[in-house]
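# Structural overview
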Amino acid sequence: MKTFNIFNKRKQEALPVVDQTQLQQAEALGLFDAGWYQQQYGQKFASSADAFQDYLHKSRFAPVHPSPAFDGESYHRMYMDVFYDQQSPLFHYLKNGKQEGRQHVPLTPRWVPNSRMPLDIPLSEAASQLKMAICLHVFYEDFIDRFAEALNDMPINVDVLLTLAAGVDETRARKTFSRHACVSRVETRRVPNRGRNFGPLLVEYADQLEDYDLFCHLHSKKSLYSGREQTQWADYLTEFLLRDKSVVKRALNAFAADDTLGLYYPTTFWMMPSWVNHQTMNKGFMREWQESLEIEHVNDFLSYPAGGMFWARPMALKGIADRVWKYEDFPEEPLPNDGSQLHALERVLGAQAENLGYRQFFYHPSSGDFTADQSYITASYHGSIEQHLPAIQSHQIISFDVFDTLVRREFTVADYAKLKLGKWLVEQGVVTSAHDFVALRNKAEFTLRKRASFQGDIRIDAIYDELADVLKVTKDVAQGWMKREFELDLAMIQPKDEMVELFNHLGSSGHVLWVISDTYYTRDQVGLMLRKAGVAAAYRLMVSSEEGKRKDSGTMWAMVKEDLANEHGRSHLHIGDNVVADAQRPGDMGLVCFHILHPMDKWRALGMPDVLNGKDALDEAQILKWGALVSQIGRNPFIGE
């Protein structure tokens, strides 16, 4: 039977003349070095032209570099029109960019793994014996050929398990993969549009996965965020999960040599927002998965296969991959962009593998390394304020969050002031337990929020009026407690020096400054905290308790957007530490955001002990032991400053 191999057919074609010319130009300028490229990415080519062709293909969607003299990622980030046009950065520079006066910079690694996995490129005997299923969910029919092409250099035979959305030609899909040289068996299932990619995989094939040593899951994915079809994210994942023969062989060798490796995928797509490896709006659903899978704790920032495409050892996903699923287990469409059982499922895969004693490992396309180092998830937070200052001050209106952005608490824990008040009330004989008081105080706050159907926000004086009824005291007495809670918190407020300095600098240089906070404190109380922290520049203060709107629900941002419409086109940037309230919500509404790390996230990113979690979060001994250290380390939100 004739071998079906689109990629080999294409490789036999001559390099287009224009590329030959550009190859010569790139080499003459010292911007392409075939020897360096081969060594960096672990792949041998018959000629410089073949290496250049490989670079031109991958650099459209991946941060690969042609030589130490040209940083392709930097070029794409500086010139987003080139990225959205899905052009290779060096190709564009040679064809148009150089004449247009565009700049390029030498290779500057943004992240270097702290450990590398030295993996042989030739396929090992053990790897060649692995039994592997390729599970593909096809929603867009053109991905049938894309996936088939990606399998052309698969070094072992595989079974292909297909799920096809309505409208996808099942006959063509079966025929395409049945004729493929590396495919042993093809199975197809027509599936409803429910459960996105995970539903079809788990409902149709969960009972078969345990028959394999490994399975690989991909799905057709397109984005329209630039107004045009963008497949770079899917191309990136497909390349480093299926298509790149050097990467695939090394990944198979790793699985065959180390049975503690449970999950593999390339590091998160490089053009995703800095906070994409966060739980974001999925915390509630994550808690459900944690309880179901008996996972004790999952950090807010976590490593997971963003995009839902990965290789897994079936045993590493026990509890998920071996369950009996039905489509009714998954929510119906339409689903939100984030915040659903499926978004949480994607995030819990890595946590479950580790919960079962397996490790995750990754391919980092920029360096060409395999690694188990998870610090890539916060790599975009490295640097300093000075490095980001030009981009920040290019905006005319700049807004800041308050807590953990401009100010910090001496012991980090927000509820410590309430606990201190509770201890004082115990001494006064009002309550018998400080912790019980904190619970009562927070319950009073929740009661008011629930009574308001979680619309808008509430003030701290209303919380203590409610608490007066609960504890059978006069409102005047309860208001005295309210003032004491504020004073205790105010006493622990400290500046985030670098951020306050930035704020005052922007004010003195003529920028319009806004301060926007979700808080039960009043406008005056927040103003006192900011003055104590050294905020001296003039600003407009918007707090949720006074505005009746919140950042984390989006209502505050709707108001901000309306206000910006009256600012005659002046550009706006918001800076804050809360992923949902300060980055995701405003970003969804088209506002520009600059996310910084919360002190606890920076603490964890630096590999410090996992502290102040669960019952330890309100244990005074733990707060005093760790809180000040976390606060001090988190004062500057950047890593490696």
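## Focus: the overall build of the chain
Broken down by element type, the chain carries 27 helices and 15 strands. For 641 residues, the compact-globule estimate of 2.2 N^0.38 gives 26 Å, and the chain sits close to it at 27 Å. Across its three principal axes, the chain shows a C-alpha extent of roughly 90 × 60 × 45 Å. Buried positions account for 56% of the 641 residues belonging to the chain. Long-range contacts, defined here as pairs at least 24 residues apart, represent 76% of the contacts in the chain between residues at least 6 apart. Element-wise, carbon and sulfur atoms account for 50% of the exposed surface of the chain, whose accessible area totals about 27,000 Å².

## Some words on the sheet that holds strand S13 (residues 540-543)
What holds strands together in a sheet is hydrogen bonding between their backbones, with the strands either parallel or antiparallel. Spatially, 5 strands are ordered S13-S12-S9-S14-S15 in an open sheet, and the strand pairing comes out parallel. Here the strands that pair on one side only, and so sit at the sheet edges, are S13 and strand S15 (593-595). Averaged over all neighbouring strand pairs, the angle between strand axes comes to 20°, with direction disregarded. As judged from the 4 bridges shared by strand S12 (residues 512-517) and S13, these two strands associate in the parallel manner. Pairing of serine 517 across the sheet is with valine 543, part of S13.

## Here we look at the packing of aromatic side chains
Per the stated rule, a full pass over the model turns up 44 aromatic pairs. Plain terms: the ring middles of phenylalanine 52 and tyrosine 55 are 6.4 Å apart, the flat faces sit at 25° to each other, and that makes the pair stacked. One end of the pair, phenylalanine 52, and the other, tyrosine 55, are both in helix H4 (residues 48-58), 3 residues apart, so they sit about a helical turn from each other. Cation over ring: lysine 131 sits above tyrosine 212, and NZ or CZ is 5.1 Å from the ring centre. When the ring centre of tryptophan 424 is taken as origin, the NZ or CZ atom of arginine 484, which lies over that ring, is 4.0 Å away.

## Re unusual backbone geometry
The residue after glutamate 333, namely proline 334, is reached through a cis peptide bond having omega 0°. When you line up the elements, proline 334 lands in the loop between strand S6 (310-312) and helix H15 (341-355). Unusually for a residue other than glycine, threonine 412 sits at a positive phi of about 70°. Tracing the sequence through the fold places threonine 412 in the loop between strand S10 (407-409) and helix H17 (416-427). Of note, lysine 472 is a non-glycine position whose phi angle comes to about 55°, a positive value. Counting through the fold element by element, lysine 472 comes out in the loop between helix H19 (460-471) and helix H20 (475-492).

## So, the confidence of the model for the chain
Averaged over every residue, the pLDDT of the chain is 94; residues scoring 70 or more account for 96%. The model gives residues 1-14 a pLDDT under 50, and that stretch makes 21 contacts with residues more than four places away or in other chains.

## Overview of the pattern of salt bridges
Following the criterion strictly, the structure yields 46 salt bridges and no others. Across the pair arginine 243 and glutamate 149 runs a salt bridge whose closest N-O atoms are separated by 3.2 Å. Of the two residues, arginine 243 is situated in helix H12 (residues 232-243) and glutamate 149 in helix H9 (residues 143-150); the sequence distance between them amounts to 94 residues. Taken as a pair, arginine 243 and glutamate 149 share a single burial class, namely buried.

## Concerning helix H21 (residues 497-508)
Taking 1.5 Å per residue, 12 residues should reach 16 Å; H21 reaches 16 Å between its end C-alpha atoms and fits that length. Among the residues of H21, those classed as buried are Glu498, Met499, Val500, Leu502, Phe503 and Leu506. The inward-facing, buried residues of H21 abut helix H16 (385-392), strand S9 (397-400), strand S11 (493-495), S12 and strand S14 (572-576). Just past H21, the residue glycine 510 takes up positive phi, approximately 90°.

## Remarks on the sheet that holds strand S8 (residues 369-371)
Spatial strand order, S3-S2-S1-S4-S6-S5-S7-S8: 8 strands in an open sheet with mixed pairing. Single-partner strands in this sheet number two, and they are strand S3 (183-190) and S8. In this sheet, neighbouring strand axes are inclined to one another by 15° on average, regardless of whether the strands run parallel or antiparallel. Where helix H10 (residues 170-178) meets the sheet, it contacts strand S1 (132-138), strand S2 (158-164) and S3, and its direction lies at approximately 165° from that of S3. Strands in contact with helix H13 (residues 245-257) are S1, strand S4 (214-219), strand S5 (261-266), S6, strand S7 (359-364) and S8; relative to S5, the strand with the most contacts, it is inclined by about 165°.

## Let's talk about the nonpolar core
In terms of nonpolar packing, the biggest core is built from 126 residues, with Phe32, Ile134, Phe177, Tyr264, Trp311 and Leu345 touching the most fellow members. Residues within four places of tyrosine 264 in sequence aside, it is in contact with Phe240, Leu241, Val247, Ala251, Phe255, Phe310, Trp311, Phe361, Phe362, Tyr363 and Phe370. One finds Phe403, Tyr464, Tyr521 and Phe594 within the second-largest nonpolar core, a separate group that totals 49 residues.

## Notes on the environment of isoleucine 295
Following the sequence through the fold, isoleucine 295 ends up in the loop between helix H14 (283-293) and S6. Along the primary structure isoleucine 295 and asparagine 355 are separated by 60 residues, whereas in three dimensions their C-alpha atoms are 6.2 Å apart. Those residues in contact with isoleucine 295 that lie beyond four places of it in its chain are Gln290, Val348, Ala351, Gln352 and Asn355.

## So, the packing of H17 against helix H18 (residues 434-451)
Remark: H17 packs on H18, axes separated minimally by 8 Å, with the N-to-C direction vectors making an angle of 120°. Considering their axes alone, H17 and H18 lie oblique with respect to each other. Crossing of H17 against H18: the hand is right-handed. Of H18, the residues touching H17 (which contributes Lys418, Leu419, Leu421, Gly422, Lys423, Leu425 and Val426) are Ala434, His435, Phe437, Val438, Arg441, Asn442 and Glu445. Residues belonging to the contact of H17 with H18 are distributed by class as follows: 7 nonpolar, 3 polar and 4 charged.

## Topic: the side chain of serine 74
Turning to its location among the elements, serine 74 is positioned in helix H5 (residues 72-78). Those residues in contact with serine 74 that sit more than four places away from it in its chain are Val105 and Arg110.

## Looking at the pairing of S7
Sheet faces and side chains relate simply in a regular strand, where the side chains alternate between the two faces. Counting buried positions over the 6 residues of S7 gives 5, a clear majority of the element. Relative to S8, S7 is paired through 3 bridges, and the arrangement is antiparallel. By the bridge assignment, phenylalanine 362 is partnered in S8 with threonine 371.

Cut-offs and rules
Residues numbered from 1 in each chain as written. Predicted model: local features only at pLDDT ≥ 70, side-chain atom pairs only at ≥ 80, totals over all residues. Heavy atoms only, no water. Helix = DSSP H or I, 4+ residues; strand = E, 2+ residues; numbered from the N terminus. Rg over C-alpha atoms; globule rule 2.2 N^0.38 Å. Buried < 20%, exposed > 50% of the residue type's maximum accessible area, 1.4 Å probe, protein only. Contact = heavy atoms within 4.5 Å. Areas by Shrake-Rupley, 256 points an atom, 1.4 Å probe, with all protein chains shown as cover. Pairing = 2+ DSSP bridges. Axes fitted to C-alpha atoms, helices over the stretch in contact; angles between N-to-C directions. Phe/Tyr/Trp six-rings, centres within 6.5 Å; stacked < 30°, edge-to-face > 60°. Lys NZ or Arg CZ within 6 Å of the ring centre and 35° of its normal. pLDDT = per-residue confidence, 0-100. Salt bridge = Lys/Arg side-chain N within 4 Å of Asp/Glu carboxyl O. Expected span 1.5 Å × (residues − 1). Core = buried A, V, L, I, M, F, W, Y, C linked by side-chain atoms within 4.5 Å. Parallel < 35°, antiparallel > 145°, perpendicular 65-115°, else oblique. Left-handed = near helix turned anticlockwise from the far one by under 90°. Nonpolar A, V, L, I, M, F, W, Y, C, P; charged D, E, K, R; others polar.

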